[in-house]
Amino acid sequence: MYDGMLAETVTVVGDGGDRIPAYLARPLGPGPFPGIVVIHHMPGYDPPTRAIVREFAASRYAAICPNLHHRYAPGANHVDAARAAREAGGVPDAQCIADVAAAVEQVRTIPNANGKVGVIGYCSGGRQAYVVACNLPLDAAVDCYGGNVVMSSDKLTPAQPVAPIDMTPNLGCPLLGLFGAEDTNPAPEQVAEIEAALRANGKNFEFHTYDGAGHAFFTVDRPNYNVDAATDGWEKILDFFARHLT
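To keep things clear, this report deals only with the structure shown in the data block.

Criteria and thresholds
Residues numbered from 1 in each chain as written. Predicted model: local features only at pLDDT ≥ 70, side-chain atom pairs only at ≥ 80, totals over all residues. Heavy atoms only, no water. Helix = DSSP H or I, 4+ residues; strand = E, 2+ residues; numbered from the N terminus. Polar contact = N/O pair within 3.5 Å; in protein donor to acceptor, adjacent residues only side chain to side chain. Contact = heavy atoms within 4.5 Å. Core = buried A, V, L, I, M, F, W, Y, C linked by side-chain atoms within 4.5 Å. Buried < 20%, exposed > 50% of the residue type's maximum accessible area, 1.4 Å probe, protein only. Salt bridge = Lys/Arg side-chain N within 4 Å of Asp/Glu carboxyl O. Pairing = 2+ DSSP bridges. Right-handed = clockwise from strand over helix to strand, strands pointing away. Patch = residues over 30% accessible without salt bridge, like charges linked within 9 Å, V, L, I, M, F, W, Y side chains within 5 Å. Areas by Shrake-Rupley, 256 points an atom, 1.4 Å probe, with all protein chains shown as cover. 1 Å grid on protein atoms, 1.4 Å probe; cavity = no way out; pocket = protein on both sides within 12 Å on 5 of 7 lines; lining within 4 Å. Points joined across faces, edges and corners; volume = space filled by probe spheres on them.

### Remarks on the side chain of Asn67
Okay, step 1: Tracing the backbone through its elements, the reader meets Asn67 in the loop between β4 (62-66) and α2 (78-87).
Okay, step 2: A polar atom in the side chain of Asn67 sits 3.1 Å from the backbone nitrogen of His69.
Okay, step 3: Other than its neighbours up to four places away in sequence, Asn67 contacts Ile20, Pro21, Ala22, His40 and Tyr45.

### Here's the deal with the nonpolar core
Note that soluble globular proteins tend to have their nonpolar side chains buried in a common cluster.
Okay, step 1: Ranked by internal contacts, the top residues of the largest apolar core, which has 46 residues, are Val37, Ile64 and Val132.
Okay, step 2: In contact with Ile64, not counting residues within four places along its chain, are Val10, Val12, Ala22, Tyr23, Leu24, Ile36, Val37, Val38, Val53, Ala103, Gln106 and Val107.
Okay, step 3: Counting residues in hydrophobic clusters, the runner-up holds 33 residues, among them Ile36, Cys65, Ile120 and Tyr122.

### Brief notes about the pattern of salt bridges
Where side chains of opposite charge bring their charged atoms close, a pairing between them can arise.
Okay, step 1: Inspection of every chain in the model, using the stated rule, returns nine salt bridges.
Okay, step 2: With a closest N to O distance of 3.9 Å, Arg108 and Asp139 form a salt bridge. Remark: Asp139 occurs in the loop between α4 (124-133) and β6 (140-144) and Arg108 occurs in helix α3 (residues 93-108); sequence separation between them is 31 residues.
Okay, step 3: With a relative accessible area of 27%, Arg108 lands in the partly exposed category.
Okay, step 4: Its salt-bridge partner being Arg243, residue Glu206 comes within 3.0 Å of it at the nearest N-O pair. Remark: Arg243 occurs in helix α6 (residues 227-245) and Glu206 occurs in strand β8 (residues 205-210); sequence separation between them is 37 residues.
Okay, step 5: With relative accessibility at 43%, the residue Arg243 sits in the partly exposed group.
Okay, step 6: One connected set of salt bridges, linked through shared partners, spans Asp18, Arg71 and Asp99.

### A short note on the pairing of strand β5 (residues 113-122)
Side-chain direction in a regular strand flips from residue to residue, so the side chains alternate between the two faces of the sheet.
Okay, step 1: Sheet analysis places strand β3 (residues 33-39) next to β5, joined by six bridges and oriented parallel. The residue of β5 that forms the bridge with Ile39 is Gly121.
Okay, step 2: Here β5 runs beside β6; their pairing, made up of five bridges, is parallel. Residue pairing for β6: Gly118 is matched across the bridge by Ala140.
Okay, step 3: As a crossover connection, the stretch from β5 through α4 into β6 is right-handed.

### Some remarks on the environment of Thr231
Okay, step 1: Note that Thr231 resides in helix α6.
Okay, step 2: Taking the relative accessible area as the measure of exposure, Thr231 reaches 40% and is therefore partly exposed.
Okay, step 3: Along the primary structure Thr231 and Pro47 are separated by 184 residues, whereas in three dimensions their C-alpha atoms are 19 Å apart.

### Quick word on a nonpolar patch on the surface
Okay, step 1: A grouping of Tyr2, Leu6 and Leu28 is seen on the molecular surface, where their side chains present a nonpolar patch of about 270 Å² in accessible area.
Okay, step 2: Tracing the sequence through the fold places Tyr2 in the segment before β1 (5-13).

### Observations regarding the layout of surface pockets
Okay, step 1: Roughly 460 Å³ of volume is contained in the largest pocket.
Okay, step 2: Forming the walls of the largest pocket are 23 residues, and the residues nearest its centre are Ser124, Arg127, Gly147, Asn148 and Gln160.
Okay, step 3: Sort the elements by how many residues they give to the lining of the largest pocket and α4 lands first, with three residues.
Okay, step 4: The computed volume of the second largest pocket comes to approximately 290 Å³.
Okay, step 5: Forming the boundary of the second largest pocket are 19 residues, of which Pro48, Ile52, Phe218, Thr219 and Val220 lie nearest the centre.
Okay, step 6: Those elements giving two or more residues to the lining of the second largest pocket turn out to be α1 (47-58) and α6.

This is how it looks when you write it as structure tokens:
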């Protein structure tokens, strides 16, 4: 089997007609290939996230990561752009949904695509993966330790006016959740609350929590990285996407 990929920066037309950069990596060959939208973590559109995109391409997916922080500091590095996004109050959920929808369309219409698209997000991106899976027609979603899926009313803002857990009745695809037992956002009791909401609404989901792992255990360039949890988590992600996208 031919093994090759093309990785490049492309432009997608997101919320409000804004043109934003996105990192696209796709296998070369006849396909057909499923698509995956990778939602970056709060630290931003950084090299480790782009490495994740290439990892999916190496596993025979067309993967794309839109830069959700681009508007807040066009042309800036990911650190400054993430800081600007935080100072602006975070990415509005409606804006994120529209930007991800544009990325979904990009990979769904690649000539050798199979038409199925999943989404995966990490940290704040895990929360956003939950949100978009409740608002867009997708085939699978993965939430990697997304914080603030459970939100009290005093935490809601104009940018995030609805707690993602309250969107659960609208979830339209299977969901995989990966969490650390030592995490505080989401804490294990919050994960249990999300699980209860999914079960009450009859959703197709599977959750896994790793003992000894905290937040951001997939992040290879941070002290939080947990080899055992990340290795098993990757296996579960690839198995989940293979079952629902291929």
